[in-house]
Structure formats: structure tokens, C-alpha cells
Amino acid sequence: MIALSAVLMALSLQQADTTAPAAVVESPYTIRSAGLELGGTLTMPRAAAGKVPVVVIIAGSGPTDRNGNSVMGIRPNSYAQLAWRLAERGIASLRYDKRVLPATKGTVDIATLTLADFAADARAAAESLAADTRFSRVLLLGHSEGASLAPLAAKNGPPVAAVIAVSGRGGPLRTVIREQLSRQVDGATLVRYDSAMAQYLRGEQPKDVPPGLEVFFVPMNLRFMRSFAEFVPPAAMRAVRQPVLIVQGGRDLQVTPRDAELLKSGRPDARLVIVPLANHVLKQAAETTLAGQMPLYQNPASPIMPEVVNAIADWILKAP
């Protein structure tokens, strides 16, 4: 009987974290931005009475979809879980596929894209939601790369009411990537990477790309990478006039609490929450190596940490 109960509990957990719970209602939502139509999912609290706040969830780098999953072998389902947990707290959300993903209708020239283009999509989402009478306020929540897009999308003010940066970088792009690589490759490889990146950003063909790092030097991504390399996160935060929340995991191997402190340096009045055991995909990590944490990146049933959800929800519900 005990064994059967354990199995049923495990199955219940898996279902709860891979399918929308009964407390929420989800529907398709289309964002129109720069002649494109971006596919999204609107998540509403089923028991909503009156207007509720709504959060635009802005995805991280690469081919990350609206749920936080990627064709690169990453499937934590973190954004879907975040949307469901927020709805259980009475907060609506919109998560959407980036303009480079298949759900987009319209023509996208990847070679011309910059950080500003993706920020414009988040801004368009906020403006669309602001016209919907179901919502009291519109907030932007960016995760990872999305944490850089959120302040860009918010800098022109209303209708964006607040900005939430989760697992965002605080230092220069090249520094952050180098720190990530330093935990995975040897010193000689890092030197080769530095040289190749300098050549790449100058518009030259890198002469000696270390095996396995080719993804950083794709020619069609050059314009975007240049725009990202020129982006200064603390300065972007300084330009935001709305309230700001910064959330960072203590066991995040892609960005660190130091990044969160750098972001806060741009907005000293921002609320900063460090969740000590959370990793980059917002799940509780016992391991402190990428190999040890990888199962959490690939398990959609593993729940995101309640501490992360509560930090975000509590702040939203109390924010002016």
C-alpha cells in the first residue's frame, strides 16, 4: 500500500507540472508586432473576480519557446509552471514564442535582428494586454536573456507598470559567457575563444574556433550578438522608471548573485531576492555542476521552487 501511494503521488506530481491545473484557464493569444503574428498562451485564474494583474513572460536566449523549452535538448517547462503557479495566486500571464520560432506568422530575416526587435515584441504584448478590460496592470517578467529585454521594453513608460528580472546578467555579455565557459573548458580553450569572439564581433571569420563552441559564431547571428555585446544591463535598469524586482538563484550556473547585484546597482531602490538553492531554470538544485544539474533542465515534471513563485507573486500583489 505504501509503495502504491508513492507511485500515485509521483504520477500526480508529474501531471501537476506538465499540464495546466484545474485552477487555471488557458487560451491561445496572438501578439501583433512589426507585421508579425506571434503565438502565445494566455493563462487566467479560473476564480478571478474583477480585474487582475497580468505578467508578460519573456523567454531566454536561443530557440526557447513559450514554455521555457528548447529543441536544443532543454525541457524544464519552467515558464508554463510559473504561469500556472501565478494563476493560483490570482495573477494572469501571457507567455509567447519568440519571432524566430515556428508559431510566428510573417517573414523574419534573422540576419537583421537586434535586441531591440525582441524588446519591441514584449512591448507590443504589453500594449495589447493593456487594452483588455480584464486586467488591472501589465508587468514584464524577463528570464535570462529576457531579463535584458524587459527594461528595454519598459523604458518608454506606460502601459508597463513594473519590471521583474529573473536570472538576468549584470555584466558584459563577453564576460558572462567567458565565466560560464571557464567552468567547462581549460585555459587554452578560453584563450582561443577570446580571440575568435574578438574576430567575430569585428565582422571577421574566426580563424580558430574551439570544437563545440561553434554556436557562438554563427554568421547570421552577428548583428544580434553585436547588439547584445553593446548592451549594458545596469544602465538599462537605470533608465527604467517603474518599480523593479530582481530575482536570482544561488545555484544558477549561468549567471550569479553578483549579476543580480550589478543589476541592482543601476536601480538601488529595486527589490532583490536571492533564492539560495534555485538554479537557472528556477528549480531546486542539490548539485553545483552543470552535469549534475542537467537532469533538472530535462525534466518537465520537476517543479520550480515555491520560493521563486512566492517572491514574484508577493511583490506583484503588494506593488503600487
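See the structure printed just above.
The sections below set out a description of the structure shown in this document. (Residues numbered from 1 in each chain as written. Predicted model: local features only at pLDDT ≥ 70, side-chain atom pairs only at ≥ 80, totals over all residues. Heavy atoms only, no water.)

What follows deals with the packing of aromatic side chains. For the structure on display, the rule yields 6 aromatic pairs. Arranged with centres 5.6 Å apart and planes meeting at 80°, the rings of Phe118 and Phe224 form a pair that is edge-to-face. You can see Phe118 sitting in helix α3 (residues 115–130) and its partner Phe224 sitting in helix α7 (residues 222–230), a full 106 residues away along the chain. The pair Phe118 / Phe224 is uniform in exposure class, with both members buried. Geometrically, the ring pair formed by Phe224 and Phe228 is tilted, given 5.7 Å between the ring centres and 55° between the ring planes. Taken as a pair, Phe224 and Phe228 lie in helix α7 at a separation of 4 residues, close to a single helical turn. Under the relative-accessibility criterion, Phe224 is labelled buried at 14%. Among the aromatic residues, ring-to-ring pairing joins Tyr193, Tyr200, Phe216 and Phe217 into one connected group. Here Lys98 stacks its cationic end above the ring of Phe118, 5.7 Å away from the centre of that ring. (Phe/Tyr/Trp six-rings, centres within 6.5 Å; stacked < 30°, edge-to-face > 60°. Helix = DSSP H or I, 4+ residues; strand = E, 2+ residues; numbered from the N terminus. Buried < 20%, exposed > 50% of the residue type's maximum accessible area, 1.4 Å probe, protein only. Lys NZ or Arg CZ within 6 Å of the ring centre and 35° of its normal.)

On inspection of all chains with the given rule, the structure shows 13 salt bridges. Put simply, Asp314 and Arg89 hold a salt bridge, and the shortest N to O gap is 2.6 Å. Here Asp314 is found in helix α11 (residues 306–318), whereas its partner Arg89 is found in the loop between α2 (78–88) and β4 (92–96), with 225 residues between them in sequence. A relative accessible area of 30% places Asp314 in the partly exposed class. Looking at Arg89, the relative accessible area reads 30%, which means it is partly exposed. One salt bridge in this structure joins Asp269 and Arg267, with 2.7 Å as the shortest N-O distance. (Salt bridge = Lys/Arg side-chain N within 4 Å of Asp/Glu carboxyl O.)

Scanning the model with the defined rule gives 1 cavity of 30 Å³ or more in all. In this structure, the largest cavity spans a volume of roughly 50 Å³. Every residue along the wall of the largest cavity is listed here: Ile57, Ile58, Ala59, Tyr96, Lys98, Arg99, Phe118, Asp121 and Leu149. The residue inventory of the lining of the largest cavity, partitioned by class, reads 6 nonpolar, no polar and 3 charged. (1 Å grid on protein atoms, 1.4 Å probe; cavity = no way out; pocket = protein on both sides within 12 Å on 5 of 7 lines; lining within 4 Å. Points joined across faces, edges and corners; volume = space filled by probe spheres on them. Nonpolar A, V, L, I, M, F, W, Y, C, P; charged D, E, K, R; others polar.)

This brings us to the packing of α3 against helix α4 (residues 146–154). Taken N-terminus to C-terminus, the directions of α3 and α4 make an angle of 70°; their axes are 8 Å apart at the nearest point. Between α3 and α4, the angle is such that the two are roughly perpendicular. Every pair of crossing elements has a handedness; the one defined by α3 and α4 is right-handed. Residues Leu115, Phe118, Ala119, Ala122 and Arg123 of α3 form the contact with α4, whose participating residues are Leu149, Leu152, Ala153 and Ala154. A breakdown of the residues in the contact of α3 with α4 according to their chemical character gives 8 nonpolar, no polar and 1 charged. (Axes fitted to C-alpha atoms, helices over the stretch in contact; angles between N-to-C directions. Parallel < 35°, antiparallel > 145°, perpendicular 65-115°, else oblique. Left-handed = near helix turned anticlockwise from the far one by under 90°. Contact = heavy atoms within 4.5 Å.)

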